[in-house]
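Summary of the model geometry
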Amino acid sequence: MKAKKILKTVAILAMLFGAVTILSGGRALFGGVEARAAVGNAVPFVLWFNFFAGFLYIAAGAGFYLKKPWSVPLSVFLLVSNLIVFAAFGLHVMGGAAYEMRTVGAMTIRTLFWALAAAVSIRALGCMFHRCKTENKSGMNH
């Protein structure tokens, strides 16, 4: 499969992932007593990060789908920010604070997804630290 075809698949997955993240995070943050009880020992800073990041997941996915060069650094930003939050979560856990094991799984999946998305977008769009493959010599995008 060509890199650009894989990028479209990643784009759709990123947008779906973002929508699900916003819906589930919104329910946990703004839902009723039952919704809040269902999240158990959720770590607030992780919950808020994931909720807001969901909007960026959708933006990155749309950028991938439209082959926009700005989606590449956005995907790298999402990877790095997930790694930072995951590390902070690890410190939280090591400090003996309450947490849900499903948070470990969810953060692992998010981090792996954005590592894949960043790699695919860099390969497909060919731009991170140099001009994108989609630009011609005059600098105009195709």
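Residues numbered from 1 in each chain as written. Predicted model: local features only at pLDDT ≥ 70, side-chain atom pairs only at ≥ 80, totals over all residues. Heavy atoms only, no water.

**Comments concerning the overall build of the chain**
Secondary structure assignment for the chain yields five helices and zero strands. Counting over 142 residues, the chain shows a buried share of 38%. A fraction of 69% describes how many contacts in the chain between residues 6 or more apart in sequence connect residues 24 or more apart. Looking at the chain as shown, the accessible area adds up to about 8,200 Å², and 71% of this sits on carbon and sulfur atoms. (Helix = DSSP H or I, 4+ residues; strand = E, 2+ residues; numbered from the N terminus. Buried < 20%, exposed > 50% of the residue type's maximum accessible area, 1.4 Å probe, protein only. Contact = heavy atoms within 4.5 Å. Areas by Shrake-Rupley, 256 points an atom, 1.4 Å probe, with all protein chains shown as cover.)

**Concerning the nonpolar core**
Counting 25 residues, the largest nonpolar core has F64, F113 and W114 as the members making the most contacts within it. Sorting the residues of this core by element identifies helix 1 (3-30), helix 3 (44-65), helix 4 (71-94) and helix 5 (101-125) as the ones contributing at least two each. Examining the composition of this core, we find that seven residues originate from one element, helix 5, more than from any other. With residues up to four places along the chain from it excluded, the contact list for F113 reads V10, L13, A14 and F17. Of all hydrophobic cores here, the second largest spans six residues; its members include A28, L29, V39 and F51. (Core = buried A, V, L, I, M, F, W, Y, C linked by side-chain atoms within 4.5 Å.)

**Observations concerning the side chain of R110**
Within the secondary structure layout, R110 lies in helix 5. Beyond its immediate sequence surroundings of up to four residues, R110 is in contact with F17, T21, N50, Y57 and N82.

**Digging into the packing of aromatic side chains**
Aromatic ring pairs: the centre-centre distance and the angle between the two ring planes describe each pair. Counted according to the given criterion, the structure contains twelve aromatic pairs. Aromatic side chains W48 and F52 sit 5.7 Å apart centroid to centroid with 25 degrees between the ring planes, which places their arrangement in the stacked category. With W48 and F52 both in helix 3, this residue pair falls four residues apart, about one helical turn. Judged by centre distance (5.1 Å) and plane angle (40 degrees), the ring pair of Y57 and W114 falls under tilted. (Phe/Tyr/Trp six-rings, centres within 6.5 Å; stacked < 30°, edge-to-face > 60°.)

**Details of helix 3**
At 3.6 residues per turn, the α-helix brings residues three or four places apart onto the same side. With 22 residues, helix 3 should cover 32 Å at 1.5 Å per step; its first-to-last C-alpha distance of 32 Å lies within 8% of that length. A maximum bend of about 25 degrees is found in helix 3 at G54. Looking only at helix 3, the buried set comprises V46, L47, F49, N50, F51, A53, G54, Y57, A60, G61, G63 and F64. The first or second residue beyond helix 3 is K67, which carries a positive phi of 55 degrees. (Expected span 1.5 Å × (residues − 1). Bend = angle between axes of the 7 residues up to and from the residue.)

**Some remarks on the confidence of the model for the chain**
Looking at the chain, pLDDT values average 89 and 88% of them are 70 or higher. Considering only residues more than four positions removed or in separate chains, one finds that residues 135-142, a stretch of pLDDT under 50, has eleven contacts. (pLDDT = per-residue confidence, 0-100.)

**Some points on helix 5**
Its 25 residues give helix 5 an end-to-end C-alpha distance of 36 Å, which sits within 8% of 36 Å, the value for a rise of 1.5 Å per residue. Immediately downstream of helix 5, the backbone of G126 shows phi near 60 degrees, a positive value.

**Structural notes on the packing of helix 1 against helix 3**
Between helix 1 and helix 3, the shortest axis-to-axis distance is 7 Å and the interhelical angle comes to 155 degrees. In this view, helix 1 runs roughly antiparallel relative to helix 3, as classed from their interaxial angle. Viewed along their axes, helix 1 and helix 3 form a crossing whose handedness is left-handed. Looking at the contact of helix 1 with helix 3, its residues break down into 21 nonpolar, seven polar and one charged. (Axes fitted to C-alpha atoms, helices over the stretch in contact; angles between N-to-C directions. Parallel < 35°, antiparallel > 145°, perpendicular 65-115°, else oblique. Left-handed = near helix turned anticlockwise from the far one by under 90°. Nonpolar A, V, L, I, M, F, W, Y, C, P; charged D, E, K, R; others polar.)

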